[in-house]
Amino acid sequence: METEGIYDVQAIRAQFPILSRKVKGKDLVYLDNAATAQKPLSVIDALVHYYSHYNANIHRGLHTLADEATAAYEASRVAVKEFVGASSPDEIIFTKGTTDSINLVAYSWGKSFLQEGDEIIISSLEHHANIVPWQMIAAEKKAILRVIPISDDGILDMEAFKSMLGPKTKFVSVVHVSNALGIINPVEEIIRLAHQHNAVVLIDGAQSSVHLDIDVQTLGCDFYAFSGHKIYGPTGVGVLYGRRDLLESMPPYQGGGEMIKEVRFEYTTYNELPFKFEAGTPNIADVIALKAGIDFIKSIGKHAIRKHEEQLLEYATAKLKDIAGLRIIGDVKNKVSVISFVIDGVHPQDLAILLDNQGIAVRTGHHCTQPLMHRLGIVGTTRASFAAYNTLDEVELLIQALNKSLKMLL
Amino acid sequence: MNNHRTIKNIEQELIDDFSLFETWEEKYEYLIDLGKKLAPLDPAFKTEEYKIKGCQSSVWIHSFAKDGFVYFEGDSDAIIVRGLVGLMITVMNGQPAKEIVEAPLEFINTIGLSSHLAQTRSNGLRAMIKQMKMDAGAWQVNAENKTVE
């Protein structure tokens, strides 16, 4: 399907206006893609075009602008449906982001189906967004939150997971790719095992959606959540894929306009999927521009991007290992282009400040995974994460800047 | 008391020192050096009680008062922040409580470090200053109460 041509990274870079800016007098080297990806001109243009040409509220207006806006909004839903391999656009709910999607499920599904003593399983690698909503609903329902342990390398202990599963297991919510370490979890197996115990499974796809080929039907997950801004789309829009029968069995998350069929003061009947879960005027502009982000990925092909990013990861990993006292956290084979490391005697914050002065944007700290950092016995890491537009030269600049920073610090 | 340097005096000296630095490297090397030279804080004060929680690094500040002047000691697990602790101690150590409470500390904006260091979330410099001023305020109230007695 994808042509194996030459990967023209300069042509890709040319599509991203921000990449030509300077930071503190130096060329920006943006290596914080796991936090958010930069936006191609097509995404920025889609936003401008919407507001300049057909801004209107969707679904009920009978005028031309409303028609055009509705068509573009629903076209985005179809694009997302194809992007994740859902069987119908009705299974695609637009949310604010991954966090919002997980909260929707925890609240709506949890409120209806969790009972005292039921168990929810998450993993040690989870982002706070896939911990806190479950803690909240577990506390409310007197359910029990259980955590799959990991090895010192960050690999999930699948034997421990198997032993946790049982008749009490009602829900399993795990991250597909660790945002802090880049490790790819064996979610197919997790889903298969959980389903043997009739547990419902949510996959946090915040990191995997941009790097891996996602087909929710092949994966077999019941829910899949991700954010638009990490797949080159705008901020403020996210997706919840949910299996139709499950979504239909769940009560609405929020009440208001859009989500109703009929409202009387005595009663209200709810709209059908997916509108039941999209109360109020949605984030029309960003949803529409999300399609441009997906189209950008399709125009290069995930496979080609992945091959390019793997090259960057491999090169960076080898170069980083040459630095004395540096230890890569989660140095395993099966990972995406995220590289997290610590250096003896160096606080990540010091490193981030000095790297920023050299135009290099990386992420440092706990990456919103405090329990994971605690488990690994570190305060945080420095994380470089690569995207379609990064180059080997940029990896080289990172290494040079790191060496210079270390000279200053040690 | 004639050789007492006010907060304003010390701020001006720092502004003069920093104006000699031509590159960002020199500024940060100065801070790193300051961080390395800062006397270590007694572990008895490296506790939650004295901790100022920033987003990424920990800062501890301990203060005491003597003859109406307030003295500070502090530490951080990050060396640049440790340098900042040292910088703030240089400015505020041994000053009258009232002066500390009222100091606008404008030098931070002038020495050209503020852009990434002043943000509350990244390092808690603002939180650090707030804590030092609160400490000074507490010593001030303490002293006034004693006068009343």
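Bear in mind that the values here come from a model prediction, so they are computed numbers and not experimental data.

A.B. asks: In this structure, what is going on with the pairing of strand 2 (residues 58-66) of chain B? I would like to understand it.
C.D. replies: For a regular strand, side-chain orientation follows a simple rule: the groups alternate between the two sheet faces. Residues and elements named next belong to chain B. By the bridge criterion, eight bridges tie strand 2 to strand 3 (residues 69-76) in an arrangement that is antiparallel. Opposite isoleucine 61, over in strand 3, you have glycine 74 as the bridge partner. Two successive antiparallel strands, strand 2 and strand 3, enclose a turn made up of two residues, where aspartate 67 displays a positive phi of approximately 55°.

A.B. asks: Please explain unusual backbone geometry as it appears in this structure.
C.D. replies: Excluding glycine, residues mostly carry a negative phi; peptide bonds, for their part, are mostly trans. Residues and elements named next belong to chain A. Cis geometry is found at the peptide bond from leucine 273 to proline 274, where omega equals 0°. With respect to the helices and strands, proline 274 occurs in the loop between strand 12 (268-270) and helix 11 (284-300). Non-glycine residue lysine 24 carries a positive phi angle of around 50°. The backbone phi angle of cysteine 368 is positive, close to 55°, even though this residue is not glycine. Here cysteine 368 lies in the loop between strand 16 (363-365) and helix 14 (370-376).

A.B. asks: Looking at this structure, I do not really get the packing of helix 2 (residues 41-54) of chain A against helix 3 (residues 64-84) of chain A. What am I missing?
C.D. replies: A packed helix pair is summarised by two numbers, namely the angle formed by the two axes and the spacing between the axes. All names here are of chain A. Put simply, helix 2 and helix 3 touch, their axes get as near as 10 Å, and they point 160° apart. On the basis of their axis angle, the class for helix 2 and helix 3 is roughly antiparallel. Together, Tyr50, His53 and Tyr54 of helix 2 and Leu65, Glu68, Ala69 and Ala72 of helix 3 make up the contact between the two elements. Tallied by class, residues from the contact of helix 2 with helix 3 come to five nonpolar, one polar and one charged.

A.B. asks: Help me out: how do you make sense of helix 3 (residues 79-92) of chain B in this one?
C.D. replies: Helical geometry: 3.6 residues make up each α-helical turn, so side chains three or four residues apart lie on a common side. All names here are of chain B. Spanning 14 residues, helix 3 covers 20 Å between terminal C-alpha atoms, matching the ideal 20 Å at 1.5 Å per step. Most of helix 3 is tucked away: 13 of the 14 residues are buried. Positive backbone phi, approximately 70°, marks glycine 94, located one or two places after helix 3.

A.B. asks: I keep staring at the interface of chain B and chain A and nothing clicks. Help me out?
C.D. replies: Think of interface size as the accessible area that goes away when the parts come together; that is how it is often given. The partner chain A presents 17 residues to the 19 residues of chain B that form the contact. Approximately 1500 Å² of surface area, both sides summed, lies buried where chain B meets chain A, with 57% of it carried by carbon and sulfur atoms. Among the salt bridges present, the one from Lys404(A) reaches Glu25(B), with a minimum N-O distance of 2.4 Å. Residue assignment for the side of chain B that touches chain A shows that the elements contributing at least two residues are helix 2 (24-37), helix 3, helix 6 (114-117) and helix 7 (120-123) of chain B. For the side of chain B that touches chain A, the element with the most residues is helix 2 of chain B, which contributes six residues. Class assignment for the residues of the side of chain B that touches chain A results in nine nonpolar, six polar and four charged.

Calculation notes
Residues numbered from 1 in each chain as written. Chains lettered and ligands numbered in written order. Predicted model: local features only at pLDDT ≥ 70, side-chain atom pairs only at ≥ 80, totals over all residues. Heavy atoms only, no water. Pairing = 2+ DSSP bridges. Helix = DSSP H or I, 4+ residues; strand = E, 2+ residues; numbered from the N terminus. Axes fitted to C-alpha atoms, helices over the stretch in contact; angles between N-to-C directions. Parallel < 35°, antiparallel > 145°, perpendicular 65-115°, else oblique. Contact = heavy atoms within 4.5 Å. Nonpolar A, V, L, I, M, F, W, Y, C, P; charged D, E, K, R; others polar. Expected span 1.5 Å × (residues − 1). Buried < 20%, exposed > 50% of the residue type's maximum accessible area, 1.4 Å probe, protein only. Buried area = accessible area lost by both parts, 1.4 Å probe. Salt bridge = Lys/Arg side-chain N within 4 Å of Asp/Glu carboxyl O.

By themselves, these figures tell us nothing about what the structure is for.
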